[in-house]
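Here are the chains, one letter per residue:
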Amino acid sequence: MVERFLDGKGALITGGASGFGRGIAIEYAKRGADLILVDINEELLNETCKKIKEEYKQEVIPIVCDVSNSEQVQNMAKMAFKELDNIYVLNNNAGIGDLYGPDLLRIKEDMFDRIMSVNLRGQWLVSKYVCKKMKAQKFENEPLSGKVIHTASIAGVVVDLKLSAYTLSKVGVIAMVKMLAQSLAPNITVNAISPGYHVTGIYNNSEDVMKATMDDGHVKTPLNRIGTVQDVANISVFLASPLSDFITGHNIPVDGGIAEVGVPANYLKSDI
Ligand SMILES: NC(=O)c1ccc[n+]([C@@H]2O[C@H](COP(=O)([O-])OP(=O)(O)OC[C@H]3O[C@@H](n4cnc5c(N)ncnc54)[C@H](O)[C@@H]3O)[C@@H](O)[C@H]2O)c1
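What counts, and where the lines are drawn
- Residues numbered from 1 in each chain as written.
- Predicted model: local features only at pLDDT ≥ 70, side-chain atom pairs only at ≥ 80, totals over all residues.
- Helix = DSSP H or I, 4+ residues; strand = E, 2+ residues; numbered from the N terminus.
- Rg over C-alpha atoms; globule rule 2.2 N^0.38 Å.
- Buried ≥ 20, exposed ≤ 12 C-beta atoms within 10 Å, placed from the backbone.
- Contact = placed C-beta atoms within 7 Å.
- Expected span 1.5 Å × (residues − 1).
- Arc of directions from axis to C-beta.
- Pairing = 2+ DSSP bridges.
- Axes fitted to C-alpha atoms, helices over the stretch in contact; angles between N-to-C directions.
- Core = buried A, V, L, I, M, F, W, Y, C linked by C-beta atoms within 7 Å.

Student: I'd love a proper account of the overall build of the protein chain, names of residues and values included.
Tutor: Secondary structure assignment for the protein chain yields 8 helices and 7 strands. Relative to a compact globule of 272 residues, whose C-alpha radius of gyration would be 19 Å, the protein chain shows 18 Å and is just as compact. Based on the C-alpha atoms only, the size of the protein chain along its principal axes is roughly 60 × 40 × 35 Å. For the protein chain, the residues scored as buried account for 47% of the 272 residues in total. Sequence separation of 24 or more characterises 75% of the internal contacts of the protein chain that already satisfy a separation of 6 or more.

Rendered as structure tokens:
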């Protein structure tokens, strides 16, 4: 039996149609949250919302929005607060992968701009237009007015020159979390989760694609398995719960130990 600590609370999850976003949405729904799922992939978004709504009997509202587009994000934020009484948890999770290979000197400008605009600018825009209203919310018997959780990456912890723009975007997210944590204190906690290697849409849902990247980077995972969506959803539940009320400004790697004790995903010539 799970504790329904999100009863009466709303959660907005970007990139909610698939991967971590969908996994997190399911865990929040089990704990009583009503959901706004935001995604650019309309078909998948509607399918995910329908399934979660049917299974968990919570409100699950789809909003199609490109998080890198300011006008769309502003409309999405207005719509979200109209649809739900409150947004207690914001999961700023939408992101895209990089073309694996070109370092910063080789990456094409349009690819660089696309990654930065979705992964960094997109997460910034969503926080900018959702958090002000979150800060003003009040809950009975609840010390905080909300919780913000960004999805960063271990590429933001151990730089990966074969994922150059992606790495920069995620370093940016981790820095942004520290700044937002200051701006939103003491009302709202802001933290990041940094996944390692987990099979999701970012790897075309293919374990082979992901393992090829890991092999090329000589990645060693101390806990000796690949990550799952559930590994990340579990930490998201903790960060959305009262158990984490005194944690803000942090980045929590969920990576089987790669970033701290494994071999980083760097292609070292001396390592061949
Ligand atoms: N899978 C991993 O191993 C891994 C590792 C580290 C970090 N991450 C991060 O996890 C987050 C979620 O990705 P995932 O792995 O679940 O992949 P995913 O592709 O399954 O999910 C990402 C979702 O974001 C949506 N999206 C993409 N661009 C968007 C945009 N401009 N506006 C709105 N929605 C958009 C996609 O349609 C998709 O549904 C991303 O920020 C990613 O960088 C993933």
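Once the structure has been displayed, the description carries forward.
Student: Describe helix α3 (residues 70-83), and please don't skip the residues or the numbers.
Tutor: Helix length check: α3, at 14 residues, gives a terminal C-alpha distance of 20 Å against a target of 20 Å (1.5 Å per residue), a fit within 8%. Restricting attention to buried positions, one finds in α3 the residues V73, M76, A77 and A80. The arc enclosing the buried residues of α3, seen along the axis, measures out at 100 degrees, which places them on a common side. In α3, the exposed residues that point more than 90 degrees away from the buried face are E71, K78 and K82.

Student: Which residues make up helix α7 (residues 229-240), and what values do they have?
Tutor: Taking 1.5 Å per residue as the helical rise, α7 with its 12 residues ought to reach 16 Å, and the 16 Å between its terminal C-alpha atoms agrees with that figure. Among the residues of α7, V229, D231, V232, A233, S236, V237, L239 and A240 are the ones counted as buried. Buried-residue contacts for α7 involve α1 (19-30), β4 (89-92), β5 (146-151), β6 (188-195) and β7 (251-254).

Student: I'd like a description of the sheet that holds β4, backed by residues and values.
Tutor: Spatial ordering of the open sheet is given by β3-β2-β1-β4-β5-β6-β7, a layout of 7 strands whose pairing is parallel. The outermost strands of the open sheet, each flanked by one partner alone, are β3 (60-64) and β7. Taking each pair of neighbouring strands and ignoring which way they run, the sheet shows an average axis angle of 20 degrees. As paired strands, β6 and β7 are joined by 4 bridges and run parallel to one another. Among the inter-strand pairings, I193 is bridged to a residue of β7, identified as I252. Along the sheet, α3 contacts β1 (10-14), β2 (34-39) and β3; its crossing angle with β3, the most-contacted strand, is approximately 165 degrees.

Student: Could you give me a rundown of the nonpolar core, with the residues and numbers involved?
Tutor: Grouped together as the largest cluster of nonpolar side chains are 70 residues, with contacts concentrated most on A11, L12, Y28, L35 and L37. Considering each element in turn, this core owes the most residues, 9 residues, to helix α4 (residues 109-136). Among all residues touching L35, those that are not within four sequence positions of it are A11, I13, A25, Y28, A29, I52, Q58, E59, V60 and I61.

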